[in-house]
Amino acid sequence: MRRIRFLVIKEFKQIFRSRAMLPIIFVMPILQLLILANAATFEIKNLNLIIVDKDHSQFSRDISSKFRGSPYFKILNRTFTNTEAEDQMKLRNVDIYLEIPVNFEKQLIRESSTKIQIVVNAIDGSKGSLAGFYASNIIQDYSKDLSIKYGIRANLISPNTDMKQIDVTYSNWFNPNLDYKTFMVPGLLVLLVSLISVFLSSMNIVREKEIGTIESINVTPIRKYQFILGKLIPIWILGMFELIFGLVIALLIYKIPLLGSPWVLISFAALYLIASLGMGLFISTITDTQQQAMFFTWFFMILFIMLGGLFTSIENMPKWAQTLTYFNPIRYFIEVVRMVMLKGSGFYEVRLHFGVMAFMAIVINTLAVMRYRKTA
Amino acid sequence: MKNAIEIYDINKSYRNKPALKNINLHVEPGEIFGLIGPDGAGKTTLIRILTTLLLADSGTATVNGCDIVKDYKHIRTSVGYMPGRFSLYQDLTVEENMNLFAKIFGTTIAENYSLVADIYSQIEPFKNRQAGQLSGGMKQKLALSCALIHKPDILFLDEPTTGVDPVSRKELWDMLKKLKKEGITVFVSTAYMDEATLCDRVALIQDGVLLSVDSVDGIINSFRKKLISVKSDDIYRLIGDLRKLDFVEKAYPFGDCVHTILLDSEADENMILDALKNHNHINLSAKQVIPTIEDCFIDLMENHNG
């Protein structure tokens, strides 16, 4: 035990002495949370819109002003023909255009039904579908206005339309305002802790190999497990510190709710860190230089992050990719963080996650230690 | 008393390329044993096997009476190892490095201070400096101090004088002699043949094969051929001319003269002077000399190659 303590102390000395470490530990989490939480948004605003108004009626102007009032759209132009709108779309200057047909108002009053065409630029798929969704919402809204404003007056619009309509409203549980920050920040926190722990552990151990200090250590009576623990304990402590540090930022700056117990979160993070340190250790056993370790770590981290459910919802992935995510520790951590913070889940609700993570921690660490014995 | 190191039939290959072939060797307790050979001869491999950092393919060895495979834990507590490459923590200070290694071995700097005092006192003024910022010679002293901090029974040094200035080199050898007086067995490898004379016994190694193991005097005495030192103003032409003579085995430059080994024990320096009479050498002279250890090594190595 005493030896491990010396090694841990030595490790901390080295970590805090290195010029790059302090910024990594303190500046990186703040920057990541400040920049990414604000930039990595799923909301789309300022969609460029052209209205092709072939009707020039009161109604068509009403629709236009409805769009003008929306924060999602910016009306670039109003024209009379489709040609200009199509040209602009080909030049990618416009995301969506709206065609209001001739006799729009007349038909609406006479037959109480008409058609509006929405043409969406779907080069960016998610942006396109959101644009279409927002536009049809506004038009639906407008049709409601019509019945309220003009419904009583002279029965110009068929009374059937608003009577049989099913009005769908949403209630967003756990994130009532669909605030993407509430959704992103806990996930970013997970990425932060994962990056720090895997990178530090893989590179730190390889460094000893690269510089040759491991030679000096290997001829001493230090046992392998003592050396490994001496390396991993400091990084584990740093990882926990990062998590709590980031959590405080999330709670204070972004006012993310923490409905569940922080202890559930902290104990899951403790387990998760053991697994991710094991991964770093494993990478360090299959590489000889810090550069190799970094490439390996990046390769795995990119996979895990992209399949982690933060940037792409797991439910939207193809079946085979969903299966892959079951082997992804980040997936479980993100789920737990969201469940605990936003849903207030307790130990009982995330017991499966705990089980899987414990299993992963055991498997990866066993593999790593076995390989470590073989190579060094 | 039993031997400090005993090596039996050690073989080691890297990817089918043999690095050590049937090494048999013993080192007596309390002696300075030199392992001498050119780069790539297998010196580091042998030291790494003895310090339990590397497993041999076959063969056994004991260090301090302990088997290098079964009792590796005992060996690690009782030997000191100074690798050829500086392997201490460059981002820790001199004192922190010393303390770390002292603590690992469960001792303190104060406890064995007398053993390292000579060299450590020289770097002590810089004890708060990070090891990476020390000069080459000081790094070497720190590495030696760290390797000695637990008062090992056997000290392994892998090319400690490579790239070290002549003064530090001499200091290092003085230190090794002092350690010998303390009863520590020293196993040192070097590529410098002249350092052989500073060892009690030496082993010459080349291409993974031990060519000769003996004391320096023993090796010189076993040199049976006649060695003639020939001198002239045009050394380069002289070597060429000497090599053409049928009674000369080989001729090679040695300092400012040419050392010539004769094939025929009947031949002598006068035959050389006779043979070169018509070659217009200015200031030609030749005399028989007692071979140095370097002459013996060159002879052994060339015979091995041939």
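What you see as residue numbers is a count from 1 along each chain, following the sequence as written. For this description, chains carry letters from A and ligands carry numbers from 1, given in the order in which they are written. The predicted nature of this model means local features are confined to residues of pLDDT at least 70 and side-chain atom pairs, given and counted, to a pLDDT of 80 or more, with totals for whole chains, interfaces and linings taken over all residues. Computation of side-chain values covers all heavy atoms of the structure but excludes hydrogens and water.

Participant: Before we go on, may I ask you to explain the overall build of chain B in this structure?
Facilitator: Looking only at helices and strands, chain B has 10 helices and 14 strands in total. The dimensions of chain B, computed from C-alpha atoms along their principal axes, are 75 × 45 × 40 Å. Accessible surface is estimated by sampling points in the Shrake-Rupley manner with a 1.4 Å probe; for residues, cover comes only from the protein chains shown. Carbon and sulfur atoms make up 49% of the accessible area of chain B, which totals about 13800 Å². The distance from the centre of the 34 positive side-chain charges to the centre of the 42 negative ones in chain B is 5 Å. Each helix corresponds to a stretch of at least 4 residues labelled H or I by DSSP, and each strand to a stretch of at least 2 residues labelled E; elements are numbered beginning at the N terminus. Charge assignment: positive for Lys and Arg, negative for Asp and Glu; neither His nor the chain ends contribute. Here the site of a charge means NZ on Lys, CZ on Arg, CG on Asp, or CD on Glu.

Participant: Help me understand the sheet that holds strand E7 (residues 154–158) of chain B in this model?
Facilitator: To summarise the sheet geometry, strands pair through backbone hydrogen bonds and adopt either a parallel or an antiparallel arrangement. Residues and elements named next belong to chain B. At least two bridges found by DSSP between two strands is the condition for calling them paired. A sheet is described by the order of its strands in space; here 6 strands give the open sequence E6-E7-E8-E3-E9-E10, paired in mixed fashion. Both edges of this open sheet fall to strand E6 (79–82) and strand E10 (209–215), since each of them pairs with a single strand only. Along the sheet, successive strands turn relative to each other by an average axial angle of 15°, direction set aside. In what follows, a contact means two residues having at least one pair of non-hydrogen atoms within 4.5 Å. Between N-to-C directions, angles span 0 to 180 degrees; the directions come from axes that are lines fitted to C-alpha atoms, helices contributing only their stretch in contact. Here helix H5 (residues 136–148) sits on the sheet and contacts E6 and E7; the angle it forms with E6, its principal contact strand, is near 165°.

Participant: Would you explain the pairing of strand E8 (residues 185–190) of chain B in this entry?
Facilitator: Within a regular beta strand, the side chains point alternately toward one face of the sheet and then the other, so they alternate between its two faces. Residue and element names in this part refer to chain B. Here the term buried applies to any residue with accessible area under 20% of the maximum for its type, exposed to any over 50%, and partly exposed to those in between, with areas from a 1.4 Å probe on protein chains only. Here E8 lies mainly inside the structure; 6 of its 6 residues are buried. The pairing of E7 with E8 spans 5 bridges and is classified as parallel. Pairing of Leu157 across the sheet is with Val188, part of E8. Crossovers are marked right-handed if the path from the first strand over the helix to the second runs clockwise, as seen with the strands pointing away from the viewer. With respect to chirality, the unit in which E7 leads through helix H6 (residues 166–181) into the neighbouring parallel E8 is right-handed.

Participant: Mind showing me how you'd approach the packing of aromatic side chains here?
Facilitator: Two aromatic rings, taken as a pair, are described by how far apart their centres are and by the angle between their planes. Stacked, tilted and edge-to-face pairs are distinguished by plane angle, under 30 degrees for stacked and over 60 for edge-to-face with tilted covering the rest, among Phe, Tyr and Trp rings (Trp via its six-membered ring) whose centres lie within 6.5 Å. One pass over the full model with this rule turns up 16 aromatic pairs over all chains. Measuring from centroid to centroid gives 5.5 Å for B:Phe156 and B:Phe187, while their planes differ by 50°, and the two rings are tilted. Pair noted here: B:Phe156 is in strand E7 and B:Phe187 is in strand E8, with a separation of 31 residues, a long-range link. For the pair shown, B:Phe156 and B:Phe187 are each scored as buried. One aromatic cluster is present, formed by A:Phe268, A:Tyr272, A:Phe333, A:Phe347 and A:Phe354 through successive ring pairs. By the criterion adopted, a ring carries a charge over it if an Arg CZ or a Lys NZ lies within 6 Å of its centre and within 35 degrees of its normal. The lysine or arginine in question, A:Arg351, covers the ring of A:Tyr348, its NZ or CZ lying 4.0 Å from the ring centre. Stacked on the ring of B:Phe86, the Lys or Arg B:Lys139 has its end atom at 5.4 Å from the ring centre.

Participant: I keep staring at the domain arrangement of chain A and nothing clicks. Help me out?
Facilitator: Often the size quoted for an interface is simply the accessible area lost on bringing the parts together. An automatic or database domain assignment is the source of the domain bounds shown. Domain annotation of chain A identifies domain 1 (2–40 + 177–375) and domain 2 (47–164). If you average the C-alpha positions of domain 1 of chain A and of domain 2 of chain A, the two centres end up 49 Å apart.

Participant: How do you make sense of the sheet that holds strand E2 (residues 17–27) of chain B when you look at a structure like this?
Facilitator: All names here are of chain B. Taken in spatial order, the 4 strands of this open sheet run E2-E1-E4-E5, and their pairing is antiparallel. In this open sheet, the two strands that pair with only one neighbour each are E2 and strand E5 (66–67). Sheet topology places strand E1 (residues 5–14) next to E2; 7 bridges connect them, and they run antiparallel. Bridging across to E2, Ile10 finds its partner in Ile23. Running at roughly 120° to E1, helix H1 (residues 43–50) makes contact with E1, E2 and strand E4 (58–63) of the sheet.

Participant: Help me understand the interface of chain A and chain B, please; the structure alone is not making it clear to me.
Facilitator: Across the contact, 21 residues belong to chain A and 24 residues belong to chain B. With both sides pooled, the region where chain A packs onto chain B buries about 2300 Å², and carbon together with sulfur makes up 58% of that total. Basic side-chain nitrogens of Lys or Arg form a salt bridge, by our definition, when they fall within 4 Å of a carboxyl oxygen of Asp or Glu. Applying the counting criterion to the chain A and chain B interface returns 4 salt bridges. A:Glu215 serves as the salt-bridge partner of B:Arg48, at 2.4 Å between the closest nitrogen and oxygen. Within the residue set of the side of chain A that touches chain B, elements represented by two or more residues are helix H1 (2–17), helix H8 (180–211) and helix H9 (213–218) of chain A. Throughout, the ten residues Ala, Val, Leu, Ile, Met, Phe, Trp, Tyr, Cys and Pro are labelled nonpolar, Asp, Glu, Lys and Arg are labelled charged, and all others, Gly among them, are labelled polar. Among the residues making up the side of chain A that touches chain B, the classes are represented as 6 nonpolar, 6 polar and 9 charged. What gets called buried area is simply the loss in accessible area from a 1.4 Å probe that two parts show on being joined, summed for both.

Participant: Sorry if this is basic, but what is going on with the domain arrangement of chain B here?
Facilitator: Per the domain assignment, the segments of chain B are domain 1 (5–220) and domain 2 (224–290). Look at where the C-alpha atoms of domain 1 of chain B and domain 2 of chain B centre, and you get two points 40 Å apart.

Participant: Quick question: what am I supposed to make of the packing of H8(A) against helix H12 (residues 290–306) of chain A here?
Facilitator: Residue and element names in this part refer to chain A. Where H8 meets H12, the axes come as close as 9 Å, and the angle between the chain directions of the two elements is 160°. Classified by the angle between their axes, H8 and H12 sit roughly antiparallel to one another. Handedness of the crossing formed by H8 with H12: right-handed. Within the contact between the two elements, H8 uses Leu191, Ser194, Leu195, Val198, Phe199, Ser202, Met203, Val206, Arg207 and Glu210 and H12 uses Gln290, Ala293, Met294, Thr297, Trp298, Met301 and Ile305. For the contact of H8 with H12, the residue count by class is 11 nonpolar, 4 polar and 2 charged. By the definition adopted for this analysis, an angle is roughly parallel if under 35 degrees, roughly antiparallel if over 145, roughly perpendicular if from 65 to 115, and oblique otherwise. In this scheme, a crossing is called left-handed if the near helix is turned counterclockwise away from the far one by less than a right angle; it is called right-handed if the turn is clockwise.

Participant: When you look at the side chain of B:Thr185 in this model, what are you seeing that I'm missing?
Facilitator: Residue and element names in this part refer to chain B. Here Thr185 shows up in strand E8. On the basis of relative accessibility, which here comes to 3%, the residue Thr185 falls in the buried class. By the criterion applied in these results, polar contacts are pairs of N or O atoms within 3.5 Å in which, for protein atoms, one can donate a hydrogen and the other can accept it, and in which residues neighboring in sequence qualify only through two side-chain atoms. For Thr185, the side chain forms a polar contact with the main-chain nitrogen of Gly30, separated by 2.9 Å. Sequence-distant contacts of Thr185, that is, excluding residues within four places in its chain, are made with Ala4, Val27, Glu28, Pro29, Gly30, Glu31, Asp153, Ile154 and Leu155.

Participant: Would you mind going over the pattern of salt bridges with me for this structure?
Facilitator: All names here are of chain B. Inspection of every chain in the model, using the stated rule, returns 31 salt bridges over all chains. We note a salt bridge from Lys141 to Glu171, for which the minimum N-O separation is 3.0 Å. With Lys141 in helix H5 and Glu171 in helix H6, the pair connects residues that are 30 residues apart, well separated along the chain. Several salt bridges share partner residues, and in doing so they unite Lys225, Glu249, Lys250, Asp299 and Glu302 into one network.

Participant: Help me out: how do you make sense of unusual backbone geometry in this one?
Facilitator: Trans peptide bonds make up most of the peptide bonds, and negative phi angles are found at most residues other than glycine. Of note in the backbone geometry, A:His56 takes a positive phi value of approximately 50° without being a glycine. Assignment of secondary structure puts A:His56 in the loop between strand E1 (47–53) and helix H3 (58–68). Here the phi dihedral of B:Glu159 falls at roughly 45°; this positive angle occurs in a residue that is not glycine. Tracing the chain through its elements places B:Glu159 in the loop between E7 and H6.

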